[in-house]
Amino acid sequence: MRVVIDRGEVRELLTRHPGRHLLAIGDLDDAFWPHTRFIHGWGQTLLLYTGLQTPVVLAVADPPTESMRSLVTAFLGELPDRFYGHLSEEAAEALRPHFTLDVHGVLAYMSVKPVTVRETREPVVTIGTADLAEIQALQQAANPDGGFFEPQMLQAGPYLGIRRDGELVAMAGTHTWSATEKVAVLGNIATHPAHRRQGLAAVVTAALCARFSGAVDVVGLTVDVDNTPAIRCYTRLGFTEDVRVIGARCARN
């Protein structure tokens, strides 16, 4: 097990299976790189990201996936006492004897080439820190049982929304994006329950993909595998599934 400090080497490791690592690839950008710690061993690469109030661990295994258990086990003492994780099942198994995992779902990583997504004509607006209270209210209404949004995320890239009668009723944001690495990962896509089944998620997602067209080669996102309407929406936009992970808040026992 070793810390990899050479960005080029990290890039080479992650791009062997890029669909599994779009979030981590985006974090190679200058804006995120100072907050990263990449650990490699047993053919696996783990990312500890400290640029948010809650640290993030991405332990998404490459084939053969069983070896991720060994890497996480060796790194247990270096993990923060609390973090949010995207975890392969093998990583979760290695953590469970030592951490309490508050699992909020199994997440599918999906991706698409942005030029293939057709933007709709529904008007969208740019939202940001001035709209923080509304964004937090919408996230809470759409995800009362969980989700992961922090105000610092508004700095990662564009956020778009749809307003009805002045009220923010749908939104899509950016977890990470890099013009250098040519990847973007969308997140915090939400529609108020009172305005669902109107295609608003597709509108803001397509509009955000259009913003990235020409700047990146691939756009990714994560979605709960039990959220059938959302998966159907993203599939219609051209997204395909790359891998599944466990999304969990982790606290050391």
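Further up the page is the structure itself.
Figured I'd write up the structure that's included with this text. (Residues numbered from 1 in each chain as written. Predicted model: local features only at pLDDT ≥ 70, side-chain atom pairs only at ≥ 80, totals over all residues. Heavy atoms only, no water.)

Along the protein chain, the regular secondary structure elements total seven helices and 12 strands. Seen through its principal axes, the protein chain has C-alpha atoms that stretch 55 × 40 × 30 Å. For the protein chain, the residues scored as buried account for 53% of the 253 residues in total. Considering only contacts in the protein chain between residues 6 or more positions apart, those separated by 24 or more positions represent 68%. Counting every atom, the protein chain has about 11500 Å² of accessible surface; 49% of that belongs to carbon and sulfur. A distance of 4 Å separates the average location of the 23 positive side-chain charges in the protein chain from that of its 28 negative side-chain charges. (Helix = DSSP H or I, 4+ residues; strand = E, 2+ residues; numbered from the N terminus. Buried < 20%, exposed > 50% of the residue type's maximum accessible area, 1.4 Å probe, protein only. Contact = heavy atoms within 4.5 Å. Areas by Shrake-Rupley, 256 points an atom, 1.4 Å probe, with all protein chains shown as cover. Lys, Arg positive; Asp, Glu negative; His and termini not counted. Charge placed at Lys NZ, Arg CZ, Asp CG, Glu CD.)

This next bit is on helix α6 (residues 200–212). With 13 residues, α6 extends 19 Å between its outermost C-alpha atoms, agreeing within 8% with the 18 Å of an ideal straight helix rising 1.5 Å per residue. Each element contacted by the buried residues of α6 is listed here: β8 (159–164), β9 (167–178), β10 (183–191), β11 (218–224) and α7 (228–236). (Expected span 1.5 Å × (residues − 1).)

Turning to the pairing of β9, a few remarks are in order. Across the 12 residues of β9, nine count as buried, placing the element largely inside the fold. Here five bridges tie β8 to β9, and the two strands are oriented antiparallel to one another. Across the sheet, Leu-160 pairs through a bridge with Ala-172, a residue of β9. Following β8, the chain reverses through two residues before pairing antiparallel with β9; Asp-165 in that reversal takes a positive phi of roughly 55°. Bridging between β9 and β10 involves seven bridges; their strand directions are antiparallel. Following the sheet pairing, Thr-174 is matched in β10 by Leu-186. (Pairing = 2+ DSSP bridges.)

A few words now on the sheet that holds β8. The strands that make up a sheet pair up through hydrogen bonds in the backbone, lying either parallel or antiparallel. Pairing is mixed across the open sheet formed by 12 strands, whose spatial order is β1-β2-β3-β4-β5-β12-β6-β11-β10-β9-β8-β7. A strand with exactly one partner marks an edge of an open sheet, and here the two such strands are β1 (2–4) and β7 (125–127). Going from strand to strand, the sheet's axes swing by 30° on average, the running direction of each strand aside. Of the pairings in the sheet, the one linking strand β5 (residues 82–87) to strand β12 (residues 240–252) comprises six bridges and is antiparallel in character. (Axes fitted to C-alpha atoms, helices over the stretch in contact; angles between N-to-C directions.)

Honestly, it's all geometry; don't read function into it.
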